[in-house]
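Observations on the three-dimensional arrangement
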Amino acid sequence: MPGSLEGEVALVTGAGRGIGRAVAEALAAAGAAVAVMARSRDQVDEAAQSINQSGGRALALAGDVTSAFDVQAAVAETERQFGAVSVLVSNAGITGPFAPIWDADPDEWWRTQEVHVHGAFLCTRAVYPGMVARGGGRIIIVSSRAAERGGANLSAYQIAKAGQLRFTESLAAEGAEAGIRAFVLHPGFVDTQFATEPLQREDAQKYAPQFVARLQELRRDGSLGTPISRVADLCVFLASGQGDALSGRYLRVEDDWHEVATKAALIEQNDLYTLRLRTLEEPAGPTAPASPPIH
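A short tour of the structure in this document, coming up. (Residues numbered from 1 in each chain as written. Predicted model: local features only at pLDDT ≥ 70, side-chain atom pairs only at ≥ 80, totals over all residues. Heavy atoms only, no water.)

Overview of the packing of helix 1 (residues 18–29) against helix 2 (residues 41–53)
- Direction vectors running N to C along helix 1 and helix 2 enclose 25 degrees, while the axes themselves pass 10 Å from each other. With respect to helix 2, the axis of helix 1 lies roughly parallel. Note that helix 1 runs across helix 2; the crossing there is right-handed. Contacts between helix 1 and helix 2 pair Arg 21, Ala 24, Glu 25 and Ala 28 from the former with Glu 46, Ala 47, Ser 50 and Ile 51 from the latter.
- A class-by-class count of the residues in the contact of helix 1 with helix 2 yields 4 nonpolar, 1 polar and 3 charged. (Axes fitted to C-alpha atoms, helices over the stretch in contact; angles between N-to-C directions. Helix = DSSP H or I, 4+ residues; strand = E, 2+ residues; numbered from the N terminus. Parallel < 35°, antiparallel > 145°, perpendicular 65-115°, else oblique. Left-handed = near helix turned anticlockwise from the far one by under 90°. Contact = heavy atoms within 4.5 Å. Nonpolar A, V, L, I, M, F, W, Y, C, P; charged D, E, K, R; others polar.)

Shown next as structure tokens:
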């Protein structure tokens, strides 16, 4: 494993299935007590039961990250059973509408911001006092490569994911003196129900047909995605403190994290692994290759 988490208490949102569940299982395997949170009671019960049967310690919490009441209740129950949260993995997410801005459903568009940005805010705000009391903690926000660039017909998701990057940078700066370290990561394109949802969505087929066709092609030839275990291992690496020098930065699952961490001083000096404006006087580097917009 990338690190030991004995004595740590983790809260993972969006943990009923997919990336969130894999992260929760990896944190538990590394020694952390894990609170598994998602809206579906059946899913979190199953995830927690699986962890407990494997020798870990897990607590199932059904709740919505956009509800301050649900989040506060989840954190209070975690603290009651395990102690103050020292690791938060904010993973809950939705794709949002596939549509041009003028044709997107306003409520669905705004719901995307609520889940990704307001949800991360509410969870951070709820665990923060306990982390400070413990002398510090680590907050990991699962974002997407969609944050890196704009594009047509997925504005809600792209804007929400870009907001997570800036939220993490602010959090790292504000929490540094209290020992809070914050990270935001691109998990790669993982073959989960969430990532492949566009295949069944009429709006995706209408407004993103090339993406849907590419997704179908990748699934057929078996070359779709990043191993989910690699995402989970990156979260364990960050939760264990090995990446603390990279607090506030945007990490990509395909990188060699150990190597990147050794170059933290260079990264800070050159302000790398973050979103910045470059002008004609300060030209950008080579354009990154295009990738699917969902993770």
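Let's talk about the sheet that holds strand 4 (residues 87–90)
- Pairing within the open sheet is parallel, and its 7 strands lie in the order 3-2-1-4-5-6-7. Each end of this open sheet is capped by a strand with a single partner; those strands are strand 3 (57–62) and strand 7 (250–252). Averaged over all neighbouring strand pairs, the angle between strand axes comes to 20 degrees, with direction disregarded.
- Bridging between strand 1 (residues 9–13) and strand 4 involves 3 bridges; their strand directions are parallel. Within strand 4, the residue paired with Ala 10 across the bridge is Val 87. (Pairing = 2+ DSSP bridges.)

Some details on unusual backbone geometry
- A positive phi angle, near 75 degrees, is found at Asn 153, a position not held by glycine.
- Tracing the sequence through the fold places Asn 153 in the loop between strand 5 (137–142) and helix 5 (155–175).
- The backbone of Tyr 273 shows a phi angle near 60 degrees, a positive value even though the residue is not glycine.
- For Tyr 273, the location among the structural elements is in the segment after helix 11 (264–270).
- Residue classification places Tyr 273 among the partly exposed residues on the basis of a relative accessible area of 26%. (Buried < 20%, exposed > 50% of the residue type's maximum accessible area, 1.4 Å probe, protein only.)

Spatial relationships are all this shows, so hold off on functional conclusions.
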